[in-house]
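# Architecture and fold: a report
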Amino acid sequence: MPGSSPFTTRPQLAGTFGMVASTHWLASAAGLAVLEKGGNAFDAAVATGLVLQVVEPHLNGPGGEVPVLGFDAAAGEVFVLDGQGPAPAAATLAVFESLGLGLVPGTGLLAACVPAAFGTWMLLLERYGSLPLREVMEYAIGYARDGYPMLPTASATIAAMAGTFRDHWPTSAEIYLGDGVPPAGGRFANPVLATAYSRILAEAEAAGAGRDAQIEAARRTFYEGFVAEAIAAYLQRAEVMDVSGRPHRGLLAGQDLAAWRASVEAPVTLDYAGLTVCKTGPWGQGPVFLQQLALLSGFGMAEMGQGSADFIHTVVECTKLAFADREAWYGDPRWSDVPLTALLSPGYASQRRQLVASQASGSFAPGAPGGAAPRLPDYALAGFPGAAAEYASAMRGDRWPGQEGGAADAGHRGAGAGEPTAVSAVQAASRPELGPGDTCHLDVADRFGNLVSATPSGGWLQSSPVIPGLGFCLGTRAQMFSLTPGFASTLAPGRRPRTTLSPSLALRDGQPYLAFGTPGGDQQDQWTLAFFLNHVLFGMNLQEAIDAPGFHTDHFPSSFYPRGAAPRSLSIEARAPGEVIAELRRRGHQVEVTPPWSLGRVSAVACDRGFLYAAANPRGMQGYAVGR
């Protein structure tokens, strides 16, 4: 592990006992407290995640989801928990057609999938943890009951939503506007959530003294007991306003919750620079991280220099290609044949790599793994002049740009694509109501050799109304489905939406080395890619790699309603050298210079040669790493 730097915003932590890094200091502290009790990384991750649901309610909640990657030292293997709930049984294309909707609304009740977060945390605790349920739940219950300091961003989000709460979502107003908008830094409690969690714990402990029996009882209480009953009762009577401008009823029902369980899967992997990188399957966007690495492996990235115009340009152009494939091919592999082996093959990467030119591409060109022509929903083509004609040509049997024997659309490589249409990072920061919500992240390493990376999200307070008696709201992940038939990402009952949530884990010589991740929606596998390359190729320690100026593109369709794209866009922090920014503009990138510390919220932990390491993001001034 690289050592200290002349300056970083905070030190890279090093020790031998345990490390926790997350997007909130209180959650990280709770995780370390669990390690101090003798718990392992999995116990600590659950405690950390449950606290995040309380102290970052604008970023995640019990009604959301949480994909998890872990290394189990006892078994010597990596596992994935598929913490993404499926669409309800009533969520059919015919229903949305009858409502006159071409997209799933990004707020309200229609976009609710089965809330997967609680069941996933319980599976992690039961199968891989060691402590009793009470010892991991008590921190979240305490903060919900006794209060915590309200984050400035959470206060601003509540202020932006105040009108909606008062006019349309009165159950949310009861929780968040009791004495007006809660001020930043003020003490805020959610006693309704505390009561719900306390009741879950009480009913679990009433099931008997056995640890596993209590955890299973807690899971049943949520998905079959009073929690599920409260959700079902509210949805049977509620009709609430959403972003479509019309009120709608929800589709989720009690039987959807009762039928669901989180499960364990194998990771998808790719070897790069001596490491084996592990991600979720294509029901999440995680494989785009691997596709980007496969593309970049054919360039001399280290020789380009960290943060150079050549480096950023090459990364961004490979990102465009990988994310185009995400839009065309990714989806729930339980329902669709996702050609993941072909997408990650060296031959396919070599073919696609030829499309990277010296100027910024304006094309949206998914590839043809195995020779199959890609298909795209209408929204994916809307932001790209000429893309619809290319698509129609491909459907007639002509070559799609990026197919073997084809070529990139040279007419789309120059400047002049027009203004970006997506909400910028600057706009989202200044007007929270414009953004789609956000996410949390946590990483844990322990002295036993276990490693965890998890990305909780969804169920944030601006997504839908609070469920009466529970103190939390449902998620809106179904907005990531397509309503066009025939795609891997097409809405169907029981299908998982292609989520953006993307924890990461890397092995070295088969042993746990690095766990990392970030909030950020479509940017997650861009901000973490830059961090990873900074560390692996340029020898930066974890904190240096996090602190380095961030960048990303919104060139491809957003995963969030209304699914807009910003062709050739490139957001980059103002700390990047002026000559680099100028050269990127000369190459045709539509560059938006963002505030100096605005892009990314990466955290990371590592195990290396007997030491444990951790680092956290300074942006937003709330992420923190702790350990000893």
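As a starting point, this report considers the structure included with it. (Residues numbered from 1 in each chain as written. Predicted model: local features only at pLDDT ≥ 70, side-chain atom pairs only at ≥ 80, totals over all residues. Heavy atoms only, no water.)

### A word on the side chain of Ser457
- For Ser457, the position within the fold is in the loop between strand 13 (451–454) and strand 14 (504–508).
- Note on Ser457: relative accessible area 1%, which makes it buried.
- Side-chain polar atoms of Ser457 contact the side chain of Thr439, separated by 2.8 Å. (Helix = DSSP H or I, 4+ residues; strand = E, 2+ residues; numbered from the N terminus. Buried < 20%, exposed > 50% of the residue type's maximum accessible area, 1.4 Å probe, protein only. Polar contact = N/O pair within 3.5 Å; in protein donor to acceptor, adjacent residues only side chain to side chain.)

### Let's talk about the nonpolar core
- Ranked by internal contacts, the top residues of the largest apolar core, which has 94 residues, are Phe118, Trp121, Leu124, Leu133, Met137 and Ile231.
- Of all the elements, helix 2 (residues 41–55) adds the most residues to this core, at 11 residues.
- Look past the residues within four positions of Ile231 in its chain and what remains in contact with it is Leu252, Leu257, Ile467, Leu470 and Leu474.
- Judged by nonpolar contacts, the second largest core, of 71 residues, contains Met1, Phe364, Met540 and Tyr613. (Core = buried A, V, L, I, M, F, W, Y, C linked by side-chain atoms within 4.5 Å. Contact = heavy atoms within 4.5 Å.)

### What about the sheet that holds strand 17 (residues 569–573)?
- Here 3 strands make up an open sheet; going across it, the order is 16-17-18 and the pairing mixed. Taken across any chain shown, the strands that pair with only one partner, and hence form the sheet edges, are strand 16 (551–552) and strand 18 (590–594).
- On top of the sheet, helix 22 (residues 578–586) reaches strand 17 and strand 18; it is set at about 155° to strand 18, its chief contact. (Pairing = 2+ DSSP bridges. Axes fitted to C-alpha atoms, helices over the stretch in contact; angles between N-to-C directions.)

### Here we look at helix 1 (residues 25–36)
- Counted at 1.5 Å a residue, the expected span for helix 1 with its 12 residues is 16 Å, and the 16 Å between its end C-alpha atoms agrees.
- Among the residues making up helix 1, those that are buried are Leu26, Ala27, Ser28, Ala30, Gly31, Leu32, Val34 and Leu35.
- Along its buried surface, helix 1 packs onto strand 2 (18–22), helix 2, helix 5 (133–146), strand 5 (148–149), strand 12 (442–446) and strand 21 (624–627).
- Among the residues trailing helix 1, Gly38 stands out with phi positive, at a value near 105°. (Expected span 1.5 Å × (residues − 1).)

### A short note on the pairing of strand 11 (residues 275–279)
- Among the 5 residues of strand 11, 4 are classified as buried, and the element is accordingly described as predominantly covered.
- In this structure, strand 10 (residues 268–272) lies alongside strand 11, joined through 5 bridges in antiparallel fashion. Looking at strand 11, one finds that Leu270 is bridged to Val277.

### What to know about the packing of helix 5 against helix 8 (residues 191–205)
- Interaxial distance between helix 5 and helix 8 falls to 8 Å at its minimum, and their mutual angle equals 160°. Between helix 5 and helix 8, the angle is such that the two are roughly antiparallel. In the crossing of helix 5 with helix 8, the sense of the turn from one axis to the other is left-handed. Between helix 5 and helix 8, the contacting residues are Leu133, Arg134, Met137, Ile141, Ala144 and Arg145 on the first element and Pro191, Ala194, Tyr197, Ser198, Leu201, Ala204 and Glu205 on the second.
- Taken together, the residues of the contact of helix 5 with helix 8 sort by class into 9 nonpolar, 1 polar and 3 charged. (Parallel < 35°, antiparallel > 145°, perpendicular 65-115°, else oblique. Left-handed = near helix turned anticlockwise from the far one by under 90°. Nonpolar A, V, L, I, M, F, W, Y, C, P; charged D, E, K, R; others polar.)

### A few points about the pattern of salt bridges
- One pass over the full model with this rule turns up 30 salt bridges.
- Ionic pairing is found between Glu216 and Arg220, a salt bridge with its closest N-O pair at 3.7 Å. Here the residue Glu216 and the residue Arg220 both occupy positions in helix 9 (residues 211–223), the gap between them amounting to 4 residues, near one helical turn.
- Glu573 is the partner of Arg619 in a salt bridge, and the nearest nitrogen-oxygen pair spans 2.8 Å. Of this pair, Arg619 sits in the loop between strand 20 (611–615) and strand 21 while Glu573 sits in strand 17; the two residues are 46 residues apart in sequence, bridging distant segments of the chain. For the pair formed by Arg619 and Glu573, the shared burial category is buried.
- Salt bridges sharing partners connect three or more residues here, namely Asp82, Glu265, Asp332, Arg334 and Arg496. (Salt bridge = Lys/Arg side-chain N within 4 Å of Asp/Glu carboxyl O.)

### Concerning the pairing of strand 17
- The element strand 17 is largely enclosed, with a buried count of 5 among its 5 residues.
- What you see with strand 17 is no split at all: Ser569, Ser571 and Glu573 on one side and Leu570 and Ile572 on the other are buried throughout.
- Sheet topology note: the strand 16/strand 17 ladder contains 2 bridges and is antiparallel. Along strand 17, the bridge assignment pairs Phe551 with Ile572.
- Pairing geometry for strand 17 and strand 18, over 5 bridges, is parallel. Within the sheet, the bridge partner assigned to Ser571 lies in strand 18 and is Glu592.

### Things to note about helix 12 (residues 287–296)
- Counting buried residues along helix 12, 10 of its 10 residues qualify, which places the element largely inside the surrounding structure.
- Along helix 12, the residues that are buried comprise Pro287, Val288, Phe289, Leu290, Gln291, Gln292, Leu293, Ala294, Leu295 and Leu296.

### Some words on the sheet that holds strand 1 (residues 13–15)
- If you walk across this open sheet you meet the 7 strands as 1-20-19-15-14-11-10, and the pairing is antiparallel. Two strands bound the open sheet, and with one partner strand each, they are strand 1 and strand 10. Within the sheet, the average angular offset between the axes of one strand and its neighbour, ignoring direction, is 20°.
- Running at roughly 135° to strand 15 (residues 511–517), helix 20 (residues 524–538) makes contact with strand 10, strand 11, strand 15 and strand 19 (603–608) of the sheet.

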